[in-house]
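Notes for the structure review
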Amino acid sequence: MKKRNLLVVGVLMCLLVGLYCWLGSGLKKNTAYYVIHSTGDLKQGGIVGLDEQGKRSGKKALAITDVMVMDRVGDFSVAGSIHANTHVVVDGKDVKTFSFLNDPRLVGVNAVGIHEGHVVGLMRGVRGEDGLQRDCLVEQDVEGQVYVNQLLPIEAKDVVCDARYAYVVGGNLSTNSSDWFSKVIRYDFDSKESVEVLVDQDQTYVDAVLCNGDLYCVVMDALGMQNQIDVLDAETLERKYSMRDETDIHAIMTHGEAVYVVRGNALASITGEGIKPILEVYENGVVCNVVQTEDGVLLQTTYGSMDESGSIGEIVEVDLNALQVKKTLPIMVSRKNMSNPLVIPVVK
């Protein structure tokens, strides 16, 4: 009888432990944010869930490494690895990993984007005998159907898509010299043709947005400063004008028909008069990720290390209609989950 009781207790204990492990390793229904984290070790990648108060709400292991670039349109997000060809798609609440060109042995990406519900990536290329860097533009759906696989002569830093075009920004050498220039390539998804333009010597375009028929590009100079924006006509790719700021620009985004940047610790608007600070949005850290939301933008800051409270940064939600910060939450994850964090809001 005692042996039977011990057996029953043992079975119950195993069930309880299994239930605890299942709950601890899943992402619960009250999860409001996914924090994708990754290192150079496939076994260390995954997602930590946070609820509306910033408390942990579960976790999920993912075989990913060095996922550091992302894009989001509506409820669809893609996050890409810069070193390996295993990436993450978040569609609503669903999370899935995939490889561009369906081959995880290939290289990672310099930039990712979204076109008509498909994922877009600029796979890292190599320099040819002519000295030019060539990245590979790939468009495919989540199921693996490939629509575009095209080498482009650019070292890409960002890609922005509308219904017809992919605007790839970055830099490259001039074809007839060893001089480095900022560069834009516009790829036509319909005709499969591309147009390219070199803009300025000793500069690189590192971030871009489309708004009202113009392409707004954040410029990084040869010293690593990012305090200039070039505005190009999206149709002709001619530069219309430039504007400079006294401090570095960390991110650029759109809301409605307006363009905003994060410079210093403030949000600023882009107008014909220049860059105008309008709202202080955070006090500590540096913005490392920007996600557009229905009524504004989610800013993710990083401290570079874990503070005394256990936070590695903040989630700052800004209402751009009301021009106010509506929520600030600490990013509370364990030390082993703090590498290369990317925050994605979860559909409610």
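Below: a short report on this structure. (Residues numbered from 1 in each chain as written. Predicted model: local features only at pLDDT ≥ 70, side-chain atom pairs only at ≥ 80, totals over all residues. Heavy atoms only, no water.)

Spatially, 20-21-22-23 is the arrangement adopted by the four strands of the open sheet, whose pairing is antiparallel. Because the sheet does not close on itself, it has two edges, and the strands there are strand 20 (249-255) and strand 23 (274-280). Between one strand and the next, the sheet's axes are offset by a mean angle of 30 degrees, whatever the strand orientation. Two elements, strand 21 (residues 258-263) and strand 22 (residues 266-271), share four bridges in a ladder whose sense is antiparallel. From the neighbouring strand, Tyr260 faces strand 22, where its bridge partner is Ser269. (Pairing = 2+ DSSP bridges. Helix = DSSP H or I, 4+ residues; strand = E, 2+ residues; numbered from the N terminus. Axes fitted to C-alpha atoms, helices over the stretch in contact; angles between N-to-C directions.)

Before going further, it helps to spend a moment on the nonpolar core. Note that soluble globular proteins tend to have their nonpolar side chains buried in a common cluster. The biggest cluster of nonpolar side chains holds 27 residues, and the ones touching the most others in it are Tyr33, Ile36, Ile315 and Ile331. Of all the elements in the fold, those that place two or more residues in this core are strand 1 (33-37), strand 2 (46-50), strand 4 (67-73), strand 6 (87-91), strand 26 (311-319), strand 27 (324-332) and strand 28 (342-345). Residues in contact with Ile315, not counting those within four places in the same chain, are Tyr33, Leu50, Leu298, Leu299, Lys327, Thr328, Leu329, Ile331 and Val343. (Core = buried A, V, L, I, M, F, W, Y, C linked by side-chain atoms within 4.5 Å. Buried < 20%, exposed > 50% of the residue type's maximum accessible area, 1.4 Å probe, protein only. Contact = heavy atoms within 4.5 Å.)

Turning to the sheet that holds strand 11 (residues 146-152), a few remarks are in order. Spatially, four strands are ordered 8-9-10-11 in an open sheet, and the strand pairing comes out antiparallel. Each of the sheet's edge strands pairs with one partner strand only, and the pair in question is strand 8 (109-115) and strand 11. Going from strand to strand, the sheet's axes swing by 20 degrees on average, the running direction of each strand aside. Sheet analysis places strand 9 (residues 118-127) next to strand 10 (residues 133-140), joined by seven bridges and oriented antiparallel. By the bridge assignment for strand 10, Gly121 is matched with Val138.

A few words on the environment of Lys192. In this structure, Lys192 sits in the loop between strand 14 (180-188) and strand 15 (194-201). Classification of Lys192 by relative accessible area gives partly exposed; the value is 40%. Residues Lys192 and Asn176, 16 residues apart in the sequence, show an inter-C-alpha distance of 26 Å. Beyond its immediate stretch of four places on either side in the chain, Lys192 contacts Tyr147, Val148 and Tyr187. A polar contact is formed between the side chain of Lys192 and the backbone oxygen of Phe189, at a distance of 3.1 Å. (Polar contact = N/O pair within 3.5 Å; in protein donor to acceptor, adjacent residues only side chain to side chain.)

This paragraph deals with the side chain of Ser182. The topology assignment puts Ser182 in strand 14. Those residues within four positions of Ser182 in sequence are excluded, and the remaining contacts are Gly170, Gly171, Val197, Leu198, Val199, Asp200, Gln203, Thr204 and Tyr205.

A complete count under the given rule lists three aromatic pairs for this structure. Where Tyr165 meets Tyr167, the ring centres are 5.9 Å apart and the plane angle is 70 degrees; that geometry is what we call edge-to-face. No difference in accessibility class separates Tyr165 from Tyr167, as the two residues are buried. Pairing Tyr187 with Phe189 gives two aromatic rings, centres 5.8 Å apart and planes at 80 degrees, and the pair type is edge-to-face. Just as Tyr187 is buried, Phe189 falls in that class too. Note that Arg186 overlies the ring of Tyr165, its terminal NZ or CZ placed 4.6 Å from the centroid. (Phe/Tyr/Trp six-rings, centres within 6.5 Å; stacked < 30°, edge-to-face > 60°. Lys NZ or Arg CZ within 6 Å of the ring centre and 35° of its normal.)

Keep in mind these values describe shape, not function.
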